[in-house]
Amino acid sequence: MAEHHPKGRLDEATNTETVGHEWDGIEELNTPLPRWWLWTFYACIVFALGYSVVYPAWPMLSSATQGTLGWTSRGELDKDMKAAAATRAKTVAALADMRIEELPKHPELMRAAVAGGAAAFRINCVQCHGAGAAGSKGFPNLNDDDWLWGGDLKTIETTLLHGIRQPGDEATRQSIMPNFGSDGLLTAAQIDAVASHVLSLSGKARGNAEGAKLFADNCAVCHGPAGKGSRQFGAPNLTDAIWLDGGTKDDVVAQVSKPHMGVMPAWNGRLDPVTIKMLAAYVHSLGGGEQALAPEPEAAATP
């Protein structure tokens, strides 16, 4: 039980003054605080008073005290943003003046372009190609080395600039596959035979003579006699087991019958040329990029 004793009595064991409280024989002592702790506490009070005078501190109705130094977090942020913009301006200017084929010769600039392209990709491209650029059914995987039009820096830049099947852009990539089924060009049995032949090119089905003949008569003009594809027409390689719209028998039959024709936006006019160049560098860096083509010689200046 708690008891009260006269305040100020000295404890016999420690010779320390008591405060008059006791609980089950344990008395509360009036032990003074350590001197180092007191000085630290006083120093904190002095620092807090000085801080509130020098920096914004005391809230008011519509703002706060400004502080004698005039410092603000907004001002600090603005200064940092201007410094970052000045740094970026040098990189942007260098990229604007350089042909994309020359980028691999400048490693630091290439790294900056890849970093900028990664940021632009997260804003403009993940909706179709995914956050990791692995794509999905109907949307290409940008991490592999399978390219319809080519995977060097210049070719990727051209694809970004003009898109694929982009209405209104005369330079857009165009590849049209006939609707062999819906337009009655082949019967259902013939399409089934062609699909089996196509799957046999990557070892996923047994070949058949009818399908091979139909393929040679109807498909080889774009995909090539061996099904290796053609970048001139954007025709995919059918022998590598990489499928854009699925690799099952039903998927191939559906694609032959009424092919899916995806559209990629032309980013020329939507994004500035430097951002497009950065995007091309980033896509090229993902793992499937091909060696850059040799740059064409510049035309001699007219005197």
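Look above for the structure.
Reading the values: the criteria
- Each chain carries its own residue numbering, running from 1 in the written order of its sequence.
- Whole-chain, interface and lining totals are the exception, using all residues; otherwise, since this is a predicted model, local features are given only for residues with pLDDT of at least 70 and side-chain atom pairs are given and counted only at 80 or more.
- Side-chain calculation: all heavy atoms of the structure are included, whereas hydrogens and water are not.
- Each helix is a run of H or I in the DSSP string that is no shorter than four residues. Each strand is a run of E no shorter than two, and both are numbered from the N terminus.
- Two things to know: the radius of gyration comes from C-alpha atoms, and the globule rule equals 2.2 Å times the number of residues to the power 0.38.
- Burial classes follow relative accessibility: with a 1.4 Å probe on protein chains only, a residue under 20% of its type's maximum area counts as buried, one over 50% as exposed, and anything between as partly exposed.
- Polar contact is the term for a pair of N or O atoms within 3.5 Å; when the atoms are in protein, one must be able to donate a hydrogen and the other to accept it, and sequence-neighboring residues count only if both atoms are side-chain atoms.
- Ring pairs shown here join Phe, Tyr and Trp side chains whose ring centres sit within 6.5 Å, with only the six-membered ring taken for Trp; geometry is labelled stacked below 30 degrees between planes, edge-to-face above 60, and tilted in between.
- A ring is scored as having a charge over it whenever the NZ atom of a lysine or the CZ atom of an arginine sits within 6 Å of its centre and within 35 degrees of its normal.
- Patches here are clusters of residues that have more than 30% relative accessible area and form no salt bridge, with a 9 Å joining cutoff for like charges and a 5 Å cutoff for nonpolar side chains (Val, Leu, Ile, Met, Phe, Trp, Tyr).
- Accessible areas in this description were obtained via Shrake-Rupley with a 1.4 Å probe; residue shielding takes into account the shown protein chains only.
- We define a salt bridge as a side-chain nitrogen of Lys or Arg found within 4 Å of a carboxyl oxygen belonging to Asp or Glu.
- By nonpolar core is meant a set of buried Ala, Val, Leu, Ile, Met, Phe, Trp, Tyr and Cys residues that side-chain atoms within 4.5 Å join together.
- The contact criterion used is simple: two residues touch if any of their non-hydrogen atoms lie within 4.5 Å.
- A pair of strands is labelled paired if DSSP reports no fewer than 2 bridges between them.

Novice: Could you clarify how one ought to interpret the overall build of the protein chain in this entry?
Specialist: Scanning the protein chain from N- to C-terminus turns up 10 helices and 3 strands. Along the protein chain, from the amino end to the carboxyl end, the secondary structure elements read β-β-β-α-α-α-α-α-α-α-α-α-α. Computed over C-alpha atoms, the radius of gyration of the protein chain comes to 37 Å, more than 25% over the 19 Å expected from 2.2 N^0.38 for 303 residues, which places it beyond the range of a compact globule. Projecting the C-alpha coordinates of the protein chain onto the three principal axes gives extents of approximately 115 × 70 × 40 Å.

Novice: What should I look at first to understand the side chain of Ser-175 in this one?
Specialist: Mapped onto the elements, Ser-175 comes out in the loop between α5 (153–162) and α6 (188–200). Overall, the relative accessible area of 12% leaves Ser-175 in the buried class. At a separation of 2.7 Å, a polar atom in the side chain of Ser-175 contacts the side chain of Arg-165.

Novice: What is the right way to look at the packing of aromatic side chains in this model?
Specialist: Two aromatic rings, taken as a pair, are described by how far apart their centres are and by the angle between their planes. With the rule as written, the count across this model stands at 7 aromatic pairs. A centroid spacing of 5.3 Å and a plane angle of 55° characterise the contact between Phe-121 and Tyr-282, whose relative ring orientation is tilted. Here Phe-121 is found in helix α3 (residues 107–124), whereas its partner Tyr-282 is found in helix α10 (residues 273–285), with 161 residues between them in sequence. Overall, Tyr-282 belongs to the buried group, its relative accessible area being 14%. Connected via pairs of aromatic rings, a cluster forms that spans Trp-37, Trp-39, Phe-41 and Tyr-42. Here the guanidinium or amino end of Arg-270 rests over the ring plane of Trp-267, the centre of that ring lying 5.7 Å away.

Novice: Looking at this model, I keep getting lost on a nonpolar patch on the surface. Mind explaining?
Specialist: Taken together, the side chains of Leu-33, Trp-36, Trp-37, Trp-39, Phe-41, Tyr-42, Ile-45 and Leu-49 make up a nonpolar region of the molecular surface, amounting to roughly 930 Å² of accessible area. For Phe-41, the position within the fold is in helix α1 (residues 35–54).

Novice: Even after reading the chapter, I still don't get the nonpolar core, so can you show me in this structure?
Specialist: For soluble globular proteins, the rule of thumb is that nonpolar side chains tend to be buried together. With 31 residues, the main nonpolar core has Leu-95, Leu-103, Phe-121, Leu-160 and Leu-279 as its most contacted residues. Of all elements in the fold, only α3, α5 and α10 reach the threshold of two or more residues within this core. A total of 8 residues in this core trace back to one element, the largest contributor, which is α10. Once you skip the residues sitting within four places of it in the chain, Leu-279 turns out to touch Gly-117, Ala-120, Phe-121, Cys-125, Leu-160 and Leu-271.

Novice: Is there a simple way to think about the pattern of salt bridges in this case?
Specialist: Opposite charge on two side chains permits pairing when their charged atoms draw close. This structure, assessed with the given rule, holds 9 salt bridges. Close ionic contact of Lys-82 with Asp-78 constitutes a salt bridge, the shortest N to O distance being 3.3 Å. Taken together, the residues Lys-82 and Asp-78, both in helix α2 (residues 73–96) and 4 residues apart, mark about one turn of the helix. Since its relative accessible area comes to 55%, Lys-82 is described here as exposed. Residue Asp-251 is joined to Lys-137 by a salt bridge in which the shortest nitrogen-to-oxygen separation is 3.1 Å. One end of the pair, Asp-251, is in helix α9 (residues 249–257); the other, Lys-137, is in the loop between α4 (126–129) and α5, and 114 residues separate them in sequence.

Novice: Explain the pairing of strand β3 (residues 26–29) to me, please; I cannot follow it from the model alone.
Specialist: Regular strands place side chains that alternate from one sheet face to the opposite one. Where strand β2 (residues 18–23) lies against β3, 3 bridges are found, and the strand directions are antiparallel. Paired with Trp-23 across the strands is Ile-26, a residue of β3. Between β2 and β3, which follow one another and run antiparallel, lie 2 residues, and Asp-24 among them has a positive phi close to 50°.

Novice: Before we go on, may I ask you to explain unusual backbone geometry in this structure?
Specialist: For Ala-133, which is not a glycine, the phi torsion comes out positive at approximately 65°. With a phi close to 60°, Ala-241 is a non-glycine residue in the positive phi region. Looking at the element boundaries, Ala-241 is found in the loop between α8 (220–223) and α9.

Novice: Whenever I open this one, the environment of Asp-80 confuses me. Can you help?
Specialist: Relative to the assigned elements, Asp-80 resides in helix α2. Owing to a relative accessible area of 46%, Asp-80 belongs among the partly exposed residues under this scheme. Spatially, the C-alpha atom of Asp-80 lies 22 Å from that of Ala-57, the residues being 23 residues apart in sequence.

That's the geometry; what it means functionally is another story.
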